[in-house]
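Breakdown of the fold
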Amino acid sequence: MLEKLKKSLEEAPVIQKESEGQIYNYFIHPISDGIPETDPAILEEIADFIIAGGKTGGIDKIVTVEAMGIPIATALSLKTGIPVSIIRKRKYGLDGEVELSQSTGYSKGTLFINGLSAGDRILIVDDVISTGGTLLPLLETLGGMGVDVAGVYCVIGRGAGTDQIKEKTGVDIVVLVDIAVSANGVTVVGGV
Ligand SMILES: O=P(O)(O)OC[C@H]1O[C@H](OP(=O)(O)OP(=O)(O)O)[C@H](O)[C@@H]1O
Ligand code: HPA
């Protein structure tokens, strides 16, 4: 399953990004960066896998984080008819906007939630989970807002984020492909 995705990950180039004195080996792949181009067949395979997981029933909104969760969320939305709500990196100042801090292995920023409120039942999808510095504060913030997270899917998993989030929040993130990344490249180490 997901053989095309796994094969393309093994071929992904890796660059070094420096943040706060630490080097982060950053892989570049169509799903996580849109480079060199995204094969619609892979997006379709991902959406079909998520639908087969059975968690899209009774969902009000598919929720993703700008930018690279958007193609995955859109593919899923087109197949299910469920609307997409996007957590943005831009402040709008609308009533009810909620902001939170995000950190990754190579960046820090602020995320802005609009259009979600208590009682909404959502499915979160994203392209990558690595340190968990995006999803952990997001899950905590959504919990505080009374939003009901029915499931979380990340296409590519690397690093300790998935396990740390499970420990801290009890949320089981479904990762489709687990990888290890070094300066020499990407190795697929597990997945569905
Ligand atoms: O587990 P973490 O260490 O937080 O890494 C995962 C996050 O990193 C990427 O987001 P980024 O903010 O780089 O945005 P992008 O989608 O525009 O690449 C990715 O889309 C995840 O949201
Ligand atoms: O290494 C990475 N590559 C692309 N996107 C990412 N998001 C977190 N880590 C990465």
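See the structure shown above.
A few points on the structure. As the structure is a computational prediction, the values presented were derived from the model and not from experiment.

For the rest of this paragraph, the subject is the site of ligand 2. As a matter of local geometry, ligand 2 sits amid Tyr24, Asn25, Tyr26, Phe27, Ser32, Asp33, Tyr106, Val128, Ser130 and Arg158. Take Arg158: an N or O atom from its side chain is 2.7 Å from an oxygen atom of ligand 2. Protein chains shield 93% of the accessible area of ligand 2, which is 260 Å² for the free molecule. If you map ligand 2 onto the pockets, it falls in the largest pocket. Residue assignment for the shell around ligand 2 shows that the elements contributing at least two residues are β2 (22-27) and α2 (30-33). Per-element tally for the shell around ligand 2: the top contributor is β2, with four residues. Tallied by class, the residues present in the shell around ligand 2 amount to five nonpolar, three polar and two charged.

Unoccupied space between atoms shows up once a probe the size of one water molecule is rolled over them. Taken as a whole, the largest pocket encloses approximately 490 Å³ of empty space. When contributions to the lining of the largest pocket are tallied by element, the ones reaching two or more residues are β2, α2, β6 (108-113) and β7 (121-129). The dominant element in the lining of the largest pocket, judged by the number of residues it contributes, is β7, at four residues. Of the residues in the lining of the largest pocket, the class split is ten nonpolar, eleven polar and seven charged. The calculated volume of the second largest pocket comes to roughly 160 Å³. If you trace the second largest pocket, you find it lined by Ser19, Glu20, Gln22, Ile23, Tyr24, Ser103, Thr104, Gly105, Ser107, Lys108 and Thr131. Residues of the lining of the second largest pocket, tallied by class, amount to two nonpolar, seven polar and two charged.

Calculation criteria
As a convention, each chain's residues are numbered from 1 in the sequence order in which they are written. To label them, take the chains in the order written and letter them from A, then take the ligands in the order written and number them from 1. In view of the model being predicted, local features appear only for residues whose pLDDT reaches at least 70, and side-chain atom pairs are presented and counted only at 80 or more, with totals across whole chains, interfaces and linings using the full set of residues. Heavy atoms throughout the structure, all of them, feed into the side-chain values; hydrogens and water do not. Working definition: residue near molecule or strand if any one of its non-hydrogen atoms lies within 4 Å of it. Under this definition, polar contacts are N or O atom pairs within 3.5 Å; protein pairs additionally need one hydrogen-donor-capable and one acceptor-capable atom, and for neighbouring residues in sequence, both atoms have to be side-chain atoms. To measure how exposed things are, a 1.4 Å probe is used in the Shrake-Rupley method; for residues, cover is taken only from the protein chains shown. Points on a 1 Å grid over protein atoms alone make up a cavity when a 1.4 Å probe fits among them but cannot get out, and a pocket when they form an open set with protein on both sides within 12 Å along at least five of seven lines; lining residues each have an atom within 4 Å of a point. A pocket or cavity is taken to hold a molecule when more than half of that molecule's atoms are within 2 Å of the pocket's grid points. Each helix is a run of H or I in the DSSP string that is no shorter than four residues. Each strand is a run of E no shorter than two, and both are numbered from the N terminus. Polarity classes work like this: nonpolar for Ala, Val, Leu, Ile, Met, Phe, Trp, Tyr, Cys and Pro, charged for Asp, Glu, Lys and Arg, and polar for all others, with Gly in that last group. Grid points are joined across faces, edges and corners, and a volume is the space filled by probe spheres set on the points.

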